[in-house]
Amino acid sequence: CDTRLCCNPKHLLVGTQTDNMRDMIAKGRGNWAKGENSGKSKITAAQALEIFNEPRVAKEIAKAHGVGITCVGNIKRGETWSHVTGHRRAA
């Protein structure tokens, strides 16, 4: 019934996690916050772009921006911040 507080078992449908995810997306509920709009973000979009374009090694970049090496690698590979850098990870 799509009423958040409803707990009537007659309103439930049997399905898999995949079915549930498809239903969520079809109903426009799959909009996750990206970048600075995420509560977990430790850098700005401008910093992500700087990191992406930075020619130094990851260790130096991480230290300069106050982030971990993993963060730098994720940005460089297009696993994170791809909506800013335009670089998407190859499938």
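The rules behind the values
Residues numbered from 1 in each chain as written. Predicted model: local features only at pLDDT ≥ 70, side-chain atom pairs only at ≥ 80, totals over all residues. Heavy atoms only, no water. Helix = DSSP H or I, 4+ residues; strand = E, 2+ residues; numbered from the N terminus. Axes fitted to C-alpha atoms, helices over the stretch in contact; angles between N-to-C directions. Parallel < 35°, antiparallel > 145°, perpendicular 65-115°, else oblique. Left-handed = near helix turned anticlockwise from the far one by under 90°. Contact = heavy atoms within 4.5 Å. Nonpolar A, V, L, I, M, F, W, Y, C, P; charged D, E, K, R; others polar. Polar contact = N/O pair within 3.5 Å; in protein donor to acceptor, adjacent residues only side chain to side chain.

Participant: Sorry if this is basic, but what is going on with unusual backbone geometry here?
Facilitator: Negative phi characterises most residues that are not glycine, and trans characterises most peptide bonds. Its identity as a non-glycine residue notwithstanding, Trp81 has a phi of 60 degrees, on the positive side. Assignment of secondary structure puts Trp81 in the loop between α4 (69-77) and α5 (82-85).

Participant: How should I be thinking about the packing of helix α3 (residues 58-65) against α4 in this particular structure?
Facilitator: For any two helices packed against each other, one specifies the inter-axial angle together with the distance between the axes. Contact geometry for α3 and α4: axes closest at 8 Å, N-to-C directions at 110 degrees. The angle between α3 and α4 places the two elements in the roughly perpendicular class. Classified by chirality, the crossing of α4 by α3 is right-handed. Contact with α3, carried on its side by Ala58, Lys59, Ile61 and Ala62, involves Ile69, Val72 and Lys76 of α4 and no other residues of that element. Across the contact of α3 with α4, the residue classes tally to five nonpolar, no polar and two charged.

Participant: Could you clarify how one ought to interpret the side chain of Thr85 in this entry?
Facilitator: Its place among the elements puts Thr85 in helix α5. Within the structure, Thr85 has its side chain in polar contact with the backbone nitrogen of His87 (distance 3.2 Å).

Participant: I'm lost on the packing of helix α2 (residues 45-53) against α4 in this one. Help?
Facilitator: One can describe the packing of α2 onto α4 by two numbers: an axis separation of 9 Å at closest approach and a directional angle of 80 degrees. Classed by the angle they form, the pair α2 and α4 counts as roughly perpendicular. Of α4, the residues touching α2 (which contributes Ala48, Ile51, Phe52 and Asn53) are Val72, Ile75 and Lys76.

Participant: Just to check I follow, could you spell out the side chain of His65 for this structure?
Facilitator: Along the polypeptide, His65 turns up in helix α3. Beyond its immediate chain neighbours, meaning those up to four positions away, His65 contacts Gln47, Glu50, Ile51 and Glu54.

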